[in-house]
Amino acid sequence: MNYHILHKFKKYLLLLSIILFFLTWSHLSYTYLTHDADFEAIPGGTISEAIVWSFPHFNPLLPSSDHNSYINGLLYRSLLNYDQESKRFTSDIASCNLEKLWSIECVLEENIRWSNGQNITADDIIATYDIIRQTWVHPLYSSLLENVSIRKNGNVISFTTWTRDINILSLFLQPILPKSIVDTLNSETVEWKLSDVNGVFSWMFTVSNIIIDETTGVSRITLERNNNYSQNPTYIEYLIINLFRDENHLLQNRSSSFNIKYDRNWIIANSIPRLQSHHFIVPQFTSLFYNTQNIDLQLRSHLNTLIKREGLVSWLWNTKVEAIYNPFFSERLIEKQQEDNFSFESYLNSRWYYSKNELLRQLDAKQKITQESELFADSEAQDTRPLQEELTIVRSPTTQKYNFVNSDNILIEWSVPAGVSAVYVNDYRLQWFSEGDRVFFYRLLGNFDSITDGENKYDIYFEINGERALQETFFYYLIEDEEELDDFRNNFFRQEGQSTPNQNTQLDDLLEIQISREEINNLPANRYYTPSWEVFRLKLTSVQTDILLTEALQIVRWKLEDNWIELEIESMSLGELTNALRNESVEYDMILLGIDVWYFSGNIFPYFHSSQVENGYNLSKFSKLWLDILLEELRSEILTRSEEEELQEKILSILEEEQLMKTLYSNKYKLLIDRNIRREELPKKFSNTQSRQFIFKDMYFNESQMIQWDNKSIVGGLRFIISKLF
């Protein structure tokens, strides 16, 4: 090899080695210096959010919902916040001792100011609650405040009430207004829109500008970071809220640049790669509630077994809903499995519902007997005396239809199936029978006039679903003289083998042909009917609030009708249902709707306390004293963790035993957030869809590294490298 070429090669190789050494040294140095560096968010940046909504009123005194409450939540603070993950109240304007509901003391936090720099005072808080109490601008809070006395002592505010109601705590989530603004309001002006631009606010942002674009029809509200909030949890300088008239309006302007979208109806979905999805749920759930006045425990358990929650959720897409097994207190399952020996057909047979084939068989048998009776109608030799028959219900002292005795004081025992609300002997209603009893005793005694000399006929009726139906008939013949009794008995029955047109099956006396054979053949085969061909049907009322609930209704319908249960469905709005329940103008066996348990998983009182049946909240119309006592205790005060868990366990056990509802799912809501926005992991549970303003907490675009120079050295660097290698 030429010496000059070799020399040049060595020079290039040395240069390459120096470069590699420098790059390696730089990489190792950077890794060592930054491995324990702190990252600090850099304030600044603008977020643009798209919302389908009308223009907000900026009045936190009004009971708001959805986006209006969300926007007010960006501007105003309350005494407390509620953390859905921990299910605990946290301080906002004040720290409050919530151990005693009837006496709550709150101490104002230090250095809390309005956006104009003035301090937030106890007078601001008292003025806010007073205007709500006096004007009834917020009916729920106003009704609660009627029983609350509020006093101040410096920076301490005391709330005293003579009622024990955990809903009192909701008052501490009410946004607070400055007293200077409250003093300008009265009954006529309290519901007006408040000042927007350059108004006085207290939370993360203030309103700095409003623009209505006449060309696109988009309203833009610019919110600016509130610099007088000394511990403002966001680094974002500006939040621009773009208001669109409807979803089509948004889609027409989807080219507009925005960083955040609450995609409630999944209209954007994953069509914008720059935006990533975040799903969250709120304390709401969709459930079937059973009317316990119409559906007994056996049928409720059967329906719960038929409706498979997992299959329904899979059909609705797991990305849009989450299976909910129990929305109250804990995730413990509150459903019992149907007993293995339960037969739905036998259950309906006991209530005089039969399959179409069975009723046709009985109908054919009756027609055959009728034809035979016509053949014997002219026969003078026909013996019309009865044959002895075995009873199916009466079990003691005999199971025979015809009985002959020479003395009274006879105890009759018979079995009663589930679902019977009353038992009658002839026209006498048995006073000591209670629904749920499976055996009853009836004494034949002359002193009671329940048996007399001669023939005594007893017709046994069961009352099921408010209707009396004859179950069985038997006779007792009382003749004191034994020889006369024997003669009567020996001549009472006809000879075996003789036919009679009176040999009827159990259903013959009830079977009535009210429709033609052709019409009967056209009836669905997979249904149960009464002998008068009335189909077994359940009435389901549904509140249709979104497409998912509509699809869930269809799935429930398919499942029940596939299992021989016909549904009569009535759909209405939530307002219509509320009025109908309170006016008792709607008849139903089941209700399918979404329930909002609000901030507290313990908000169970309205749905199961007997006092709430009249108000239309107790959808199951369930009434049980023991459950009422437990619910009132849970509602009355803040308990220790162990006391609360013990009480909750007792309540859940009753719900499990009674099978009052079938909880199905909770909707998943979707936030689309720009991938360039940085924040710690977002919560998976929000208190409600309006409380999503907390997503801006600690949110930022850029960050800087803060190197810990104090603990850096050459020896430390070598140790760091060795630790990574080995």
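This is a predicted model, so every value here is computed, not measured. (Residues numbered from 1 in each chain as written. Predicted model: local features only at pLDDT ≥ 70, side-chain atom pairs only at ≥ 80, totals over all residues. Heavy atoms only, no water.)

Enquirer: Describe in detail the pairing of strand 2 (residues 46-52), supporting the description with residues and values.
Expert: With five of its seven residues buried, strand 2 lies for the most part within the structure. When strand 2 meets strand 11 (residues 238-244), the two strands line up parallel, connected through seven bridges. In the strand pairing of strand 11, isoleucine 51 is matched with leucine 243. Two elements, strand 2 and strand 12 (residues 260-262), share two bridges in a ladder whose sense is parallel. Along strand 12, the bridge assignment pairs glutamate 49 with isoleucine 260. (Buried < 20%, exposed > 50% of the residue type's maximum accessible area, 1.4 Å probe, protein only. Helix = DSSP H or I, 4+ residues; strand = E, 2+ residues; numbered from the N terminus. Pairing = 2+ DSSP bridges.)

Enquirer: Please give an account of the sheet that holds strand 24 (residues 467-478) that cites residues and values.
Expert: In space, the five strands of this open sheet follow the order 18-24-23-20-21, with mixed pairing throughout. Strands with a single pairing partner mark the edges of an open sheet, and in this sheet they are strand 18 (402-405) and strand 21 (428-429). Across four bridges, the pairing between strand 18 and strand 24 is parallel. Its bridge partner being in strand 24, phenylalanine 404 is matched across the sheet by tyrosine 477.

Enquirer: Please set out the nonpolar core residue by residue, giving values where relevant.
Expert: Counting residues in each nonpolar core, the largest one holds 78 residues, and the members touching the most others are Phe159, Phe172 and Phe696. If you tally residues by element for this core, the top one is helix 3 (residues 122-135), at seven residues. In this view, phenylalanine 172 contacts Ser78, Leu79, Leu80, Cys96, Ile104, Cys106, Tyr129 and Phe159; residues no more than four positions away in its chain are not counted. Among the nonpolar cores identified, the runner-up in size contains 35 residues, and Phe328, Leu577, Ala580 and Phe622 belong to it. (Core = buried A, V, L, I, M, F, W, Y, C linked by side-chain atoms within 4.5 Å. Contact = heavy atoms within 4.5 Å.)

Enquirer: Describe the packing of helix 16 (residues 625-636) against helix 17 (residues 641-658), naming the residues involved and giving the relevant values.
Expert: For any two helices packed against each other, the geometry is given by the interaxial angle and the distance between the axes. Two elements in contact, helix 16 and helix 17, have axes separated by 10 Å at closest approach and are oriented at 150°. Our classification of the angle between helix 16 and helix 17 gives roughly antiparallel. Seen along the crossing, helix 16 lies across helix 17 with a hand that is left-handed. In contact with Trp626, Leu627, Leu630, Leu631, Glu633 and Leu634 of helix 16, helix 17 contributes Glu644, Leu647, Gln648, Lys650, Ile651 and Ile654. (Axes fitted to C-alpha atoms, helices over the stretch in contact; angles between N-to-C directions. Parallel < 35°, antiparallel > 145°, perpendicular 65-115°, else oblique. Left-handed = near helix turned anticlockwise from the far one by under 90°.)

Enquirer: Any details on a negative patch on the surface? Residues and values, ideally.
Expert: A contiguous patch of negative charge, built from Asp408, Asp453, Glu480, Asp481, Glu482, Glu483, Glu484 and Asp487, is present on the exposed surface. By secondary structure assignment, the location of aspartate 487 is in helix 11 (residues 482-490). (Patch = residues over 30% accessible without salt bridge, like charges linked within 9 Å, V, L, I, M, F, W, Y side chains within 5 Å. Areas by Shrake-Rupley, 256 points an atom, 1.4 Å probe, with all protein chains shown as cover. Salt bridge = Lys/Arg side-chain N within 4 Å of Asp/Glu carboxyl O. Lys, Arg positive; Asp, Glu negative; His and termini not counted. Charge placed at Lys NZ, Arg CZ, Asp CG, Glu CD.)

Enquirer: Help me get a handle on the state of the cysteines, residues and values and all.
Expert: Evaluated as defined, the whole model comprises one disulfide. Across the disulfide, cysteine 96 is cross-linked to cysteine 106 (sulfur-sulfur distance 2.1 Å). Measuring the twist about the S-S bond at about 115°, one finds the cysteine 96-cysteine 106 disulfide to be right-handed. Taken as a pair, cysteine 96 in strand 5 (residues 94-97) and cysteine 106 in strand 6 (residues 103-108) lie far apart in primary sequence, 10 residues in all. For the pair formed by cysteine 96 and cysteine 106, the shared burial category is buried. (Disulfide = S-S within 2.5 Å.)

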